[in-house]
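Structural characterization, general
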Amino acid sequence: MQTKTRNDVVTTAPTAVGTQETGRTRLAGALMALTGIGVLMAIITDETLYPAARHYTTFANTISDLGGTVPPNSYMVQPNRAIFIATMAVAGTLVLASTYLLWPSIAPRRISIGLLVFGVSLIGLAVFPGNVATWHPWIALACFVSGSITAIMSRKVLHGPASSFAVALGVIALVATVAGSEAFEGMGPQAWIGIGGVERWIAYPVLMWLVMLGTVMMTHHDQGS
């Protein structure tokens, strides 16, 4: 089997092993795209199902509030809590499965590590939803930072405009993460679009990047790579 490297992407000649790696890459891409689309649609659905009496808004409420609001006066409603927990658990599992499939073939290794941390963090959000004040904020931060930084690093395995889009989406999410910190409470973006709006500027670019990366992975070997 002959191996070649181009722009830090490890590919193989069309042997039996190469065909197997192509299949793993395509499957990983499909899982990542499905994760991005699924999480976005699940959030939209969960928000529309939230009881009107609770006055949930995308300005004042974070995505995590769907699973349980911040203490000391936490409240949890169904089916919203169940949808949030199930969505994060399934999403994390799919990202970890994608990481496993890509681990032997993708380089540099830090991209796989970033995906690994991102997937574990998603599962952590399911285990420790918003009403768990001790762990949830740190896990959410790990999820935001790992997702945005991995998006930026993925430029190494993308070509052309896709590489620039990945960097742009990652930078947007990373800047929004800083803007959403307690140090900027009531200031700047938090004053303009609320903490809920800022958090969506973190989460949605990462989800869009995941769909884009997955789509590229599904078609990468069809482009003569």
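Data block above holds the structure.
Please read all numbers here as calculations on a predicted model, not as lab measurements.

What follows deals with the nonpolar core. One finds L122 and W209 to be the most contacted residues of the largest nonpolar core, which totals 46 residues. Secondary structure elements with two or more residues in this core: α1 (16-49), α2 (80-102), α3 (109-127), α4 (136-153), α5 (161-179) and α6 (188-219). Sort the elements by how many residues they give to this core and α6 lands first, with nine residues. Those residues in contact with W209 that lie beyond four places of it in its chain are L115, G147, T150, A151, S154, A166 and L169.

Summed over all chains, the structure comprises one salt bridge. For E47, the salt bridge is made with R200, and the minimal N-O distance between the two is 2.7 Å. Of this pair, E47 sits in helix α1 while R200 sits in helix α6, and the two are 153 residues apart along the sequence. By relative accessible area, which is 7% here, R200 ends up buried.

Closest axis-to-axis distance for the α4/α6 pair is 10 Å, and the angle between their directions is 45°. Between α4 and α6, the angle falls in the class oblique. In this structure, α4 meets α6 at a crossing whose hand is left-handed. Across from F144, G147, S148, T150 and A151 in α4, the residues of α6 making contact are E199, I202, V206 and W209. Class assignment of the residues belonging to the contact of α4 with α6 gives a composition of five nonpolar, three polar and one charged.

Cut-offs and rules
- Residues numbered from 1 in each chain as written.
- Predicted model: local features only at pLDDT ≥ 70, side-chain atom pairs only at ≥ 80, totals over all residues.
- Heavy atoms only, no water.
- Core = buried A, V, L, I, M, F, W, Y, C linked by side-chain atoms within 4.5 Å.
- Buried < 20%, exposed > 50% of the residue type's maximum accessible area, 1.4 Å probe, protein only.
- Helix = DSSP H or I, 4+ residues; strand = E, 2+ residues; numbered from the N terminus.
- Contact = heavy atoms within 4.5 Å.
- Salt bridge = Lys/Arg side-chain N within 4 Å of Asp/Glu carboxyl O.
- Axes fitted to C-alpha atoms, helices over the stretch in contact; angles between N-to-C directions.
- Parallel < 35°, antiparallel > 145°, perpendicular 65-115°, else oblique.
- Left-handed = near helix turned anticlockwise from the far one by under 90°.
- Nonpolar A, V, L, I, M, F, W, Y, C, P; charged D, E, K, R; others polar.

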